[in-house]
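Architecture and fold: a report
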Amino acid sequence: MSEFSTVLSRFVKEKDVNVYRLAKYCGYDRANLYKVMRGERKPPSLEVLNLLCEYMHLSPAEEEILEENYEITMVGHDNYYRRKNVMKFFSDFSMTSNLENVLPTVEIKEDFEIPNSSYMLLRGNYEINSALFHIIADETKNQKGHIQILAQPEHALGNLLAMRGNTSNEIIIDHIICPDNKPEIAYSKSNYTLDCLKHILPLYNYNYDYNTWYYYADLGSLGRNFSVFPYMILTSKYVCMLSDDLQDGYLSNDPELIKMMKERFEKYRRRAHRLVENVQGEIEQQYRIMGMLMANPYPKYAFHMSPCMMAVLDRELIEKYLEPQLPQREELVKVLCEYISNLQKQDMTYVCSMEGILQFIETGIISEFPKEMYQLPDKEDRMELVKRLFDEEKAGKVHILKKNIGDLKAELYLCITPESGLLRFAVPSKNVLKDISLEESGLVSVFYDFCENLSPELFYSEEEAKRIIFG
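Now for a quick tour of the structure. Because the structure is a prediction, the values reported are computed rather than measured. The numbers attached to residues start from 1 for each chain and follow its sequence in the written order. For a predicted model such as this one, the threshold for reporting local features is a pLDDT of at least 70, and the threshold for listing and counting side-chain atom pairs is 80 or more; totals across whole chains, interfaces and linings nevertheless cover every residue. Water and hydrogen atoms were dropped before computing side-chain values, which therefore reflect all heavy atoms in the structure.

Attention now moves to the overall build of the protein. Think of it this way: any DSSP run of H or I at least four residues long counts as a helix, any run of E at least two long counts as a strand, and we number them from the N terminus. Across its full length, the protein holds 18 helices and 14 strands. Seen along its three principal axes, the alpha-carbon backbone of the protein occupies a region of about 80 × 65 × 40 Å. Using a 1.4 Å probe on the protein chains alone, a residue whose accessible area is under 20% of its type maximum counts as buried, one over 50% counts as exposed, and one in between counts as partly exposed. Looking at the protein residue by residue over its 471 residues, the buried ones come to 50%. Contact definition: two residues touch when any of their heavy atoms are within 4.5 Å. Taking the intrachain contacts of the protein between residues at least 6 apart in sequence as the baseline, contacts between residues at least 24 apart amount to 75%. Shrake-Rupley sampling with a 1.4 Å probe provides the accessible areas, and residues are treated as covered by the protein chains on show and by no other component. Roughly 23,600 Å² of accessible area belongs to the protein as shown, and the carbon and sulfur atoms make up 48% of that amount. Neither His nor the chain ends contribute to the count of charged residues, in which Lys and Arg are positive and Asp and Glu negative. Where a charge lies is defined by one atom per residue type, namely NZ (Lys), CZ (Arg), CG (Asp) and CD (Glu). A distance of 3 Å separates the average location of the 54 positive side-chain charges in the protein from that of its 72 negative side-chain charges.

Listed below in structure tokens is the structure:
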């Protein structure tokens, strides 16, 4: 039996429903309804599903259960939970600007002292977190500080790094993580690699040159369970080894041991792959790199709640509203025009929300640019840009969501193709927009699948959208 047939049969029995009358009410063949309940036939249409819920007098919670299992049956268990996890990733993104919301609370001993001896045994979270806090604090005082981490990102270490993240020195952090390579992890109803991304994004909000690598392994293997100290944190003065349950640790300042462990870490790093990559450089260099990453023949999606104005801007408007005093303004205009020209040639589907469009009309804020780069367009030009979203050339290419997926105040921008992807998000502490490219193929695949399979029911029709926007 399918998930849907199991739940439907349970509700029919619990509500003591006459199947003949139920089928008649729904205008559905009784024999076929019995087949649906036995899992011998696919579920009926959504219209019939709504009538089933109505006749059985299901509560909102019961309707949600039936609808969820309907979708699981229609698209498959793996697909359903993978797409649901991406939806949650975007919906929760405003939370990731605060590490306390995604990582365990950290308690430390401020007056914790590391002895002069060459090693120290650590017992329990309290001692471990206190020791890590102090070695991180010590390293952030170093103008050429370097922290190397071999640990899963959900560790409270992220909060410890955040506590020392406003240092005046830009510290290099190299972080190796280990996503699970077992396909059955999908049945846990979560996507661990996506969870890893959720945990690491907040660290870009601090004054770190943060870099992530990954290698695959079976997280449930006996080899890992019998590893005494699988986690490691290295600084220039200390090495801290941690047990996999994070209850025991070993801290040492022995130079020979630190040297050996740094060599071991570099061996792992050379064999690992990038999880994500910073798109660095001046703003014009960033647009060049973004253009190259997106320049392939595959269909693409631009997914963000505010409308993609880059797709409808032109040189006249760029010249009109780009700040006159920007350094190398002429070069930036040239790069932007080239980027926009290439973007308009791409097979791109744009997904935004109605609230995002209305907010642009009201404020004139073009969220794809840092605010100091441009002057707000006047109302007439705002309306002209929105009208261009509905040009014949873009017919069927602009999809407008009825509800936001995510927070317009802390937005995550995605541009995705079958082989590459870019994420953009605001870094409040640095007042910049950060661009990172997705390097791990599983992340690229899960984001592309999500965009490609968004339900048509989430969107306004073009006629509905025009009526709301233009009256």
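Looking now at the side chain of Ser 2. Within the secondary structure, Ser 2 is located in the segment before helix H1 (3-14). Its relative accessible area of 17% is what places Ser 2 among the buried residues. Every residue in contact with Ser 2, bar those within four places of it in the chain, is listed here: Gly 39 and Thr 73.

Turning our attention to a positive patch on the surface. A residue counts toward a patch only above 30% relative accessible area and without a salt bridge, and it is joined to like-charged neighbours within 9 Å or, for Val, Leu, Ile, Met, Phe, Trp and Tyr, to nonpolar neighbours within 5 Å. The working definition used for a salt bridge is a side-chain nitrogen of Lys or Arg within 4 Å of a carboxyl oxygen of Asp or Glu. A surface patch of like charges, here positive, comprises Arg 264, Lys 267, Arg 270 and Arg 271. In this structure, Arg 271 sits in helix H11 (residues 255-271). According to the relative accessible area criterion, Arg 271 is exposed, its value standing at 62%.

The definitions used throughout rest on a 1 Å grid laid over the protein atoms alone, on which a cavity is an enclosed set of points accommodating a 1.4 Å probe that cannot get out and a pocket is an open set flanked by protein within 12 Å on both sides along at least five of seven lines; lining residues are those having an atom within 4 Å of a point. Grid points are joined across faces, edges and corners, and a volume is the space filled by probe spheres set on the points. Within this model, the largest pocket holds a volume of roughly 1,000 Å³. What lines the largest pocket is a set of 27 residues, among which Glu 71, Tyr 80, Met 87, Ser 455 and Leu 458 lie closest to the centre. Among the elements of the structure, helix H4 (46-55), helix H5 (60-75) and helix H6 (77-91) are those that each provide at least two residues to the lining of the largest pocket. Looking at which element gives the most residues to the lining of the largest pocket, the answer is H5, with seven residues. Put simply, Ala, Val, Leu, Ile, Met, Phe, Trp, Tyr, Cys and Pro go in the nonpolar bin, Asp, Glu, Lys and Arg in the charged bin, and everything else, Gly too, in the polar bin. Class assignment of the residues belonging to the lining of the largest pocket gives a composition of 13 nonpolar, five polar and nine charged. Forming the walls of the second largest pocket are 33 residues, and the residues nearest its centre are Lys 371, Lys 409, Tyr 413, Ala 426 and Leu 433. Taken together, the elements giving at least two residues each to the lining of the second largest pocket come down to helix H15 (354-363), strand E13 (421-427) and strand E14 (432-438). Among the elements that take part in the lining of the second largest pocket, H15 stands out by supplying five residues, more than any other. Looking at the lining of the second largest pocket, its residues break down into 18 nonpolar, nine polar and six charged.

Put simply, a disulfide is two cysteine sulfurs that come within 2.5 Å. The full count for this structure, using the stated rule, is zero disulfides. Note on Cys 178: no disulfide assigned, nearest cysteine sulfur contributed by Cys 196 at a separation of 8.9 Å. Its relative accessible area of 6% is what places Cys 178 among the buried residues. Cysteine Cys 337 shares no disulfide, and the gap to the nearest cysteine sulfur, in Cys 308, comes to 15 Å.

Tallied over the full model, the rule gives seven cavities of 30 Å³ or more. Of the voids in this model, the largest cavity is the one considered here, and its volume is about 260 Å³. Elements represented by at least two residues in the lining of the largest cavity include exactly helix H12 (283-294), helix H14 (329-345), strand E10 (348-353), strand E12 (412-416) and E13. By residue class, the composition of the lining of the largest cavity is 15 nonpolar, one polar and three charged. Taken as a whole, the second largest cavity spans an internal volume of roughly 100 Å³. Lining the second largest cavity are Leu 313, Leu 317, Ile 318, Tyr 321, Leu 322, Ile 366, Phe 369, Tyr 374, Pro 377 and Leu 385. The leading source of residues in the lining of the second largest cavity is helix H13 (residues 315-321), at three residues. Residue classes in the lining of the second largest cavity are distributed as 10 nonpolar, no polar and no charged.

Only the six-membered ring of Trp is used, alongside the rings of Phe and Tyr, when aromatic pairs are assigned; centres must lie within 6.5 Å, and planes under 30 degrees apart are stacked while those over 60 apart are edge-to-face, with the rest tilted. Summed over the entire model, instances satisfying the criterion amount to 17 aromatic pairs. For the ring pair Phe 90 and Phe 447, a centre distance of 5.8 Å and an interplane angle of 65° mean the geometry is edge-to-face. Residue Phe 90 is found in helix H6, and its partner Phe 447 is found in helix H17 (residues 441-452); the two are separated by 357 residues along the sequence. Relative to Phe 470, the ring of Phe 390 has its centre 5.9 Å away and its plane inclined at 75°; by these criteria the two rings are edge-to-face. Separated by 80 residues along the polypeptide, Phe 390 in the loop between helix H16 (379-388) and strand E11 (398-401) and Phe 470 in helix H18 (residues 462-470) bring together distant segments of the chain. Taking relative accessible area as the criterion, Phe 390 reaches 12% and is therefore assigned buried. The exposure class assigned to Phe 470 is partly exposed, which follows from its relative accessible area of 34%.

Attention now goes to the pattern of salt bridges. Enumeration according to the criterion identifies 21 salt bridges in this entry. Close ionic contact of Glu 277 with Arg 274 constitutes a salt bridge, the shortest N to O distance being 3.5 Å. Residues Glu 462 and Lys 466 are paired through a salt bridge, measuring 3.1 Å at the closest nitrogen-oxygen approach. Residue Glu 462 and its partner Lys 466 are located together in helix H18, separated by four residues, close to a single helical turn. Taking relative accessible area as the criterion, Glu 462 reaches 32% and is therefore assigned partly exposed. Overall, Lys 466 belongs to the partly exposed group, its relative accessible area being 32%. Several salt bridges share partner residues, and in doing so they unite Arg 82, Arg 83 and Asp 449 into one network.

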